[in-house]
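These are the residues of each chain, in order.
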Amino acid sequence: MPMATHCSDRVLLNDWHVVADGSALPANVPFSTCLLGVDLSISARNDGAIRIVRADTGARVNSVQRYGFLWACLGKPERDILYIPEADEPDRHLVSGGSIAVKVSGLRAVENFLDMGHFPFIHTGWLGEEPHTEVVPYKVEITNQDEVLATECKFYQPIASPTARKGMIVDYIYKVIRPYTVALYKSNPLQKDRLDVITLFVQPVDEENCVAHPYLCYLKDGMDAATVRSFMQLIFAQDKPILENQVPKRLPLDPRAETPIRADAVSVYYRRWLRDRAVTYGAIPAHA
Amino acid sequence: MLEEARNRWHPIASTSDLPHRHVFHGQLMGREFAVWRADDGFVNVWENRCLHRGVRLSIGINDGRELKCQYHGWRYANRTAGCTYIPAHPADAPARTITNRTFPAVERYGLVWSAEEPIGEVPDIAGLAECDLLVLRAIPVNAPAGRVIERLKAHRFQPSGKLDAADGEISVEAAQEFSIALRSRYGGSETLAVFFVQPVDSNRSVIRGVLDHGVQGAGRIAVLRHHNERLSALRDLAEREAAAAPAPAPIEPVYERVSPELAELPELTTHGRKAALRVTVSKKWPAADGIAGFELRPVKGLLPTFHPGAHIDVHMPNGEIRQYSITNGPGETDRFVIGVKLERDSKGGSKCMHETVREGDVLAISEPRNNFPLRRDAVKTLFVAGGIGITPLLAMAQALKNQNLAYELHYFAQTEAQLAFPDRLEPLGNALKPHLGLSPEQTGAALRELLSSYKRDMHLYICGPGPMLEAARAVAAEQGWPETAVHFEYFKNTNMIDDSSSFQVALARSCVTLKVPAGKTILEAMREAGIDMPSSCEQGACGTCLATVIEGEPDHQDVYLSRSERESGTKIMTCVSRAKSARLVLDI
C-alpha cells in the first residue's frame, strides 16, 4: 500500500501544529522541518520575528508562537490553539520536555501516551513495577467539547515523579484534545489535591514519522525545571524504542487489526473517534 | 514468481542463529518472523507482531518456555503460540483463541526452513548428507532473488582441499528458481556447494550456502573466508546491477485479521460438554501411592493453549466424564499431564482410569477450561494443597517459578510416598513445604501458622478435600485474609442437592422464557430449548456453567462461588443452583 505523502484531512490541514520548540531554534540559520509531508523552512530574525515558508512552493505558512513553541497551519486556521488553564498558574514550571523524533505514526505515539498497561514493562522501577500490573476498570467518555476523556484511572507507581519518595497509587486523567494532541493529569506527590499536567503536542512529520513535543506544567513545590525536563526525557526515551518497533507503523483503525482488552478502553474510544472524524493521515483506514 | 514462492519452503535462518533463549528476526517475502527455540528444542516461527499492539516479538523475551512481549508482558506459549497471560488483567484467564499466527518450521541442512503456505516437504538435495556439512555465513544482498541466482550460475570457488590452487573447474549440478548446486573440481579434490537464495523482499535476498563436507580446525576458517570473499564479490556485482534497474515495489505482507469476537472484549464461548480433542495415552505411571500419572499427546495437530489452573474433561471408555487439572508447567505444550487418584468409593471414574485405560489408548477430552485462574501480580502467593489437590497448584507453582515470582507451596499428605509428581516437585526447591502425617488438629495448627502472615497484595490458592478446604478458608478469614485474596477449587460438591423447587427462567439476551420443573436443572432446561451453554463437572464445583443473574433470587447449591459472590446474588451455577423467587432473569 503506497504511503500518502500529502495530507487531505481538512481537520488536520486547517489546524495548528507545533513545528519547533522556540527555545531550541537556532538564530540566523534556517531550520528545516516537515509537517504533514510538507517540507518547511523556519527562519528566526534577531528581533524575534519568525517566518515559515514551504520548501516546495516558497509560499508563506501561517505561524504563531505560544507556550514557548512555534506553531504552523498549512491551510486556513479554523480554530485557535488549545487553551491550557494550568499554564496561567504562577506556581508551576512551564517547560518543554524536548522535541523527540520517533519513527512511527504520531497516532501510535498518542495511543502509547494513553496507555497504563505498559508502565511495569517499559518504565520499570519508575512508573510501574512487576508484579503490580493490573489495570483496574476506569471510565471513558466523549465530552461536550468533543474530546476523549478517561477518568478514575489508577496505577501503582514506584517513582511517579521526581519528587516521589516512595511507591504510591497514582490517579490519572487522560484527555485526547485533538487527533495529535493529548494531555494527562496526574496526582502531585506533595500537594495531593492538585494535578501535574503534561500535554503532548505531536507533530505529524509524515504518516510514519512524528516529533513529540511534551509541554510540562508541573508544580514548582520541591522541584526545579531541569529535573522536570530530565524526568520527561528519561520516560520518553524508554518509550521510543518500543514505538519504533510497532508494525505496521501507522495506526490501524479496523477493529479487527489488533486485539484490545478492557485496559485499552480509552484506545478503543480514540480509534473510533478518529474513524468517526475521518482522520486518515497516519492511520490505516478501517475499510482498507 | 513470488506468488508461487509462497508455496515453497525457503531457508530463513541458520540453526546457529537460534542460540539458547534468543529470538531471531527472520524475513521472507516482505513478511517478518520471530524465530525462537524453546528449551525443549522446538523451533517456533511466528508472525513478528504481538496481537495486542503490533510490537515486534523479535524484541521480546524467550524464557525457554514462553515468549514474552516487551510492551505489555503478554506471554505466548511455545508451540501453540496461544496467549497464556495478560498482566493488565491478572484475575482473568485470557481467551484461548488469542493465538499468534504460526508458520511451519523444519530444520534441515543446518538451516531453518519455513514457508507461508507450503506444498509438499522441504526439498531433498542430492549429495547433501545431513550430518557432515559446512554452513557458510549468510550473505544478504540488496537485489532480487532471480538476479542473484543468475549471478550464481557464473559463480566460481575452489574445492575445500585446494583453496590455493589454480581455478577449479565448475559444473552446474542443478539449478532452480531459488537454489543452485555447483561442484568445483581440481586435481583429485572436489566440493559440492548448494546455494539457497532466500527472497527477503522483492529487492532483497540472502544467499545461504552449504558445502557437502565439513572441515575441521584452522582449515575451516580458511574455507569460510574463501567463500565469504567470493560471495561478497558476487554481492557487489548483483547490487550494482540491481541499483541500475528500476526497483520493484516492496511486498506488503497481509496481516490476518483477528476474529470478530476478539475485536470486542471477549465473551464466554458457548458450547456444551463437548470432547473435541482426541489424545493418546503416551505414558501411564505411578505418580505417587494411589495416584496414576497420565501423559496425553494429541492424535494429530497441536493441543490447545492451557493456563495454569485449567482442567480438562476426560470422557472415559465406560461413558463416565471426569475433570482433571493439567499439571504442566509453562511451555510444555506438546502434551497434557494429569494425575488421577484411585477413589475407594469410585463410581467408575478413577477406577476406569486406573484399571482399564492403558498406554496407547485413545481418549476423548474437552478443550482446557480455566475457572481457577492464577493472578501473577501478588507480592507473594501461597498455595495450600491437600492430597490430589496438588494438581492445579503444581501447574501454578511452576508458572510462578518460571517468572521468578515469590511463592510457597504447602503440600499436606499422609506420607512422603503420597507426594505426587516428585519429578515436578523437586525443581521447586525450598518453595515446596511438605506437611506430612498431620492429624486434623495438627493440620489446623499448621494452617494457622502459615496463614498468619497476611500482607496486602498476597494471594492464597487452596485445593484439596472438602473438610481441609473449609478449614483453610475459615482460618484465612480468621487471620484477616480478605475474601478477594482467597481462591479455591473443590474436587466435588458434597452438598445434598435439593431440586424440588420449580420456577421460571427468563434468558434476557436470547429472549426466551423457560419452565424449570422439579427434578430438572436450569442447564438441562436450557439445553432442551436448544440453548448451548458450556459445562463441565455438572455438580457445582468447577465454575464452567456460570451465568449472570439480572433479576430474582438464586438458591445457591454449588461450592464454586465465594460467600460474597453468593450474597451479591448476581451469579449462579446453572448446573445445580435454582431459584428462591418464582422467576429468575439471566444474562444469556
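Residues numbered from 1 in each chain as written. Chains lettered and ligands numbered in written order. Predicted model: local features only at pLDDT ≥ 70, side-chain atom pairs only at ≥ 80, totals over all residues.

### Things to note about the overall build of chain A
Working step 1: Along chain A, the regular secondary structure elements total five helices and 16 strands.
Working step 2: For chain A, the C-alpha radius of gyration of 19 Å lies close to 19 Å, the compact-globule estimate for 288 residues.
Working step 3: Expressed as lengths along the three principal axes of its C-alpha atoms, the size of chain A is roughly 55 × 50 × 35 Å.
Working step 4: The contacts in chain A between residues at least 6 apart in sequence include a share of 61% that link residues at least 24 apart. (Helix = DSSP H or I, 4+ residues; strand = E, 2+ residues; numbered from the N terminus. Rg over C-alpha atoms; globule rule 2.2 N^0.38 Å. Contact = placed C-beta atoms within 7 Å.)

### So, the overall build of chain B
Working step 1: Looking only at helices and strands, chain B features 11 helices and 35 strands.
Working step 2: The dimensions of chain B, computed from C-alpha atoms along their principal axes, are 95 × 55 × 50 Å.
Working step 3: Burial status across chain B gives 46% buried among its 588 residues.
Working step 4: At a minimum sequence separation of 6, the contacts of chain B that also span at least 24 residues come to 65%. (Buried ≥ 20, exposed ≤ 12 C-beta atoms within 10 Å, placed from the backbone.)

### Describing the sheet that holds strand β5 (residues 61-62) of chain B
Across a sheet, strands are paired by hydrogen bonds formed along the backbone, either parallel or antiparallel in direction.
Residues and elements named next belong to chain B.
Working step 1: With antiparallel pairing, the four strands of this open sheet are ordered in space as β5-β6-β7-β8. The open sheet has two free edges, formed respectively by β5 and β8 (83-85), since each of these has just one partner strand.
Working step 2: Relative to strand β6 (residues 66-68), β5 is paired through two bridges, and the arrangement is antiparallel. For Asn-62, the partnering residue across the bridge sits in β6 and is Leu-67. (Pairing = 2+ DSSP bridges.)

### Section: the interface of chain A and chain B
Working step 1: Each partner contributes to the interface: chain A provides 24 residues, whereas chain B provides 32 residues.
Working step 2: Here the residues of the side of chain A that touches chain B are counted per class, giving 12 nonpolar, seven polar and five charged. (Nonpolar A, V, L, I, M, F, W, Y, C, P; charged D, E, K, R; others polar.)

### Considering helix α2 (residues 106-113) of chain A
Working step 1: In terms of residue burial, α2 of chain A counts as a mostly covered element, since seven of its eight residues are buried.
Working step 2: Buried within α2 of chain A are the following residues: Gly-106, Leu-107, Arg-108, Ala-109, Val-110, Glu-111 and Asn-112 of chain A.

### Some details on the sheet that holds strand β11 (residues 111-114) of chain B
All names here are of chain B.
Working step 1: Strand order across the open sheet formed by three strands is β1-β11-β10, with antiparallel pairing between neighbours. At either margin of the open sheet sits one strand with a lone partner, and together these are β1 (10-14) and β10 (106-108). For this sheet, the mean inter-axis angle between neighbouring strands, taken without regard to orientation, is 40°.
Working step 2: Two elements, β1 and β11, share four bridges in a ladder whose sense is antiparallel. (Axes fitted to C-alpha atoms, helices over the stretch in contact; angles between N-to-C directions.)

### Overview of the packing of helix α2 (residues 145-153) of chain B against helix α3 (residues 218-244) of chain B
Residues and elements named next belong to chain B.
Working step 1: Taken N-terminus to C-terminus, the directions of α2 and α3 make an angle of 135°; their axes are 10 Å apart at the nearest point. Between α2 and α3, the crossing angle belongs to the class labelled oblique. The chirality of how α2 crosses α3 is right-handed. Contact residues: Arg-147, Val-148 and Arg-151 in α2; Leu-234, Leu-237, Ala-238, Glu-241 and Ala-242 in α3.
Working step 2: Across the contact of α2 with α3, the residue classes break down as five nonpolar, no polar and three charged. (Parallel < 35°, antiparallel > 145°, perpendicular 65-115°, else oblique. Left-handed = near helix turned anticlockwise from the far one by under 90°.)

### Re the nonpolar core
Working step 1: Residues Val-19 of chain A together with Val-35, Val-112 and Val-148 of chain B are the most contacted members of the largest nonpolar core, which totals 144 residues.
Working step 2: Counting residues per element, this core draws most heavily on strand β14 (residues 209-219) of chain A, which supplies eight residues.
Working step 3: Beyond its immediate stretch of four places on either side in the chain, Val-35 of chain B contacts Ile-12, Ala-13, Leu-18, Phe-24, Gly-26, Val-43, Asn-44, Val-45 and Val-112 of chain B.
Working step 4: Grouped together as the second largest cluster of nonpolar side chains are 85 residues, Ala-292, Phe-383, Ala-395 and Met-526 of chain B included. (Core = buried A, V, L, I, M, F, W, Y, C linked by C-beta atoms within 7 Å.)

### As for the environment of Glu-89 of chain A
Working step 1: Within the secondary structure, Glu-89 of chain A is located in the loop between β6 (69-73) and β7 (92-96).
Working step 2: It is 27 Å that separates the C-alpha atoms of Glu-89 of chain A and Val-211 of chain A, two residues lying 122 residues apart in sequence.

### Quick look at the packing of helix α8 (residues 440-450) of chain B against helix α9 (residues 466-478) of chain B
Residues and elements named next belong to chain B.
Working step 1: Relative orientation of the contacting elements α8 and α9 amounts to 35°, with a least axis distance of 9 Å. Handedness of the crossing formed by α8 with α9: right-handed. Between α8, through Thr-443, Gly-444, Leu-447 and Arg-448, and α9, the contact on the second element is made entirely by Met-468, Ala-471, Ala-472 and Val-475.
Working step 2: Among the residues forming the contact of α8 with α9, the class breakdown is five nonpolar, two polar and one charged.

### Considering the domain arrangement of chain A
Residue and element names in this part refer to chain A.
Working step 1: Here chain A is described as being made up of domain 1 (10-73) and domain 2 (85-284).
Working step 2: For domain 1 versus domain 2, the distance between C-alpha centres works out to 25 Å.
Working step 3: In this assembly, 16 residues from domain 1 lie in contact with 16 residues from domain 2.
Working step 4: Of the residues forming the side of domain 1 that touches domain 2, the biggest block, four residues, is contributed by strand β1 (residues 17-21).
Working step 5: Its residues assigned to classes, the side of domain 1 that touches domain 2 comprises 10 nonpolar, four polar and two charged. (Domains from an automatic or database assignment.)

### Points about the pairing of strand β21 (residues 321-325) of chain B
The side chains of a regular strand alternate, first on one face of the sheet and then on the other.
Residues and elements named next belong to chain B.
Working step 1: The element β21 is extensively covered by neighbouring structure, given that four of its five residues are classed as buried.
Working step 2: With five bridges joining them, strand β20 (residues 311-315) and β21 adopt antiparallel strand pairing. Considered in β21, the bridge of Ile-312 is made with Tyr-324.
Working step 3: Connecting β20 to the antiparallel partner β21 that follows it, the hairpin turn spans five residues, and Gly-319 within it adopts a positive phi of roughly 90°.

### Some remarks on the domain arrangement of chain B
How big an interface is tends to be stated in terms of the accessible area lost upon association of its parts.
Working step 1: When cut into domains, chain B gives domain 1 (1-121), domain 2 (124-249), domain 3 (277-365), domain 4 (380-490) and domain 5 (503-586).
Working step 2: One C-alpha centre belongs to domain 2 of chain B, the other to domain 4 of chain B, and the line joining them spans 60 Å.

### Considerations on the pairing of strand β29 (residues 503-507) of chain B
Working step 1: Of the pairings in the sheet, the one linking β29 of chain B to strand β30 (residues 512-516) of chain B comprises five bridges and is antiparallel in character. Residue pairing across strands places Phe-503 of chain B opposite Val-516 of chain B, the latter belonging to β30 of chain B.

### Some points on the environment of Ile-291 of chain B
Working step 1: The topology assignment puts Ile-291 of chain B in strand β19 (residues 291-298).
Working step 2: Taking the C-alpha atoms as reference, Ile-291 of chain B lies 9.9 Å from Ile-338 of chain B; in sequence the two are 47 residues apart.

### Considering the confidence of the model for chain B
Residues and elements named next belong to chain B.
Working step 1: Averaged over every residue, the pLDDT of chain B is 91; residues scoring 70 or more account for 98%.
Working step 2: For residues 266-271, every residue scores under 50 in pLDDT, and the model assigns this stretch 10 contacts once sequence neighbours within four places are set aside.
Working step 3: The ipTM assigned to the predicted complex is 0.95, against a pTM of 0.83. (pLDDT = per-residue confidence, 0-100.)

### Quick notes on the confidence of the model for chain A
Working step 1: Scored by pLDDT, chain A has a mean of 93; 98% of the residues are at 70 or more.
Working step 2: Here strand β3 (residues 38-44) of chain A is the element of chain A with the lowest mean pLDDT, 93, and α2 of chain A is the one with the highest, 98.

### Observations concerning unusual backbone geometry
Working step 1: Residue Pro-131 of chain A is reached from Glu-130 of chain A by a cis peptide bond, and omega for that bond is 0°.
Working step 2: Here the amide bond leading from Val-247 of chain A into Pro-248 of chain A is cis, since omega sits at -5°, within 30 degrees of zero.
Working step 3: Phi is positive for Arg-79 of chain B, close to 75°, though the residue is something other than glycine.
Working step 4: Following the sequence through the fold, Arg-79 of chain B ends up in the loop between β7 (75-77) and β8.

### Focus on the environment of Asp-224 of chain A
Working step 1: Mapped onto the elements, Asp-224 of chain A comes out in the loop between β14 and α4 (225-243).
Working step 2: Of the residues examined, Asp-224 of chain A has 12 C-beta atoms within 10 Å and is grouped as exposed.

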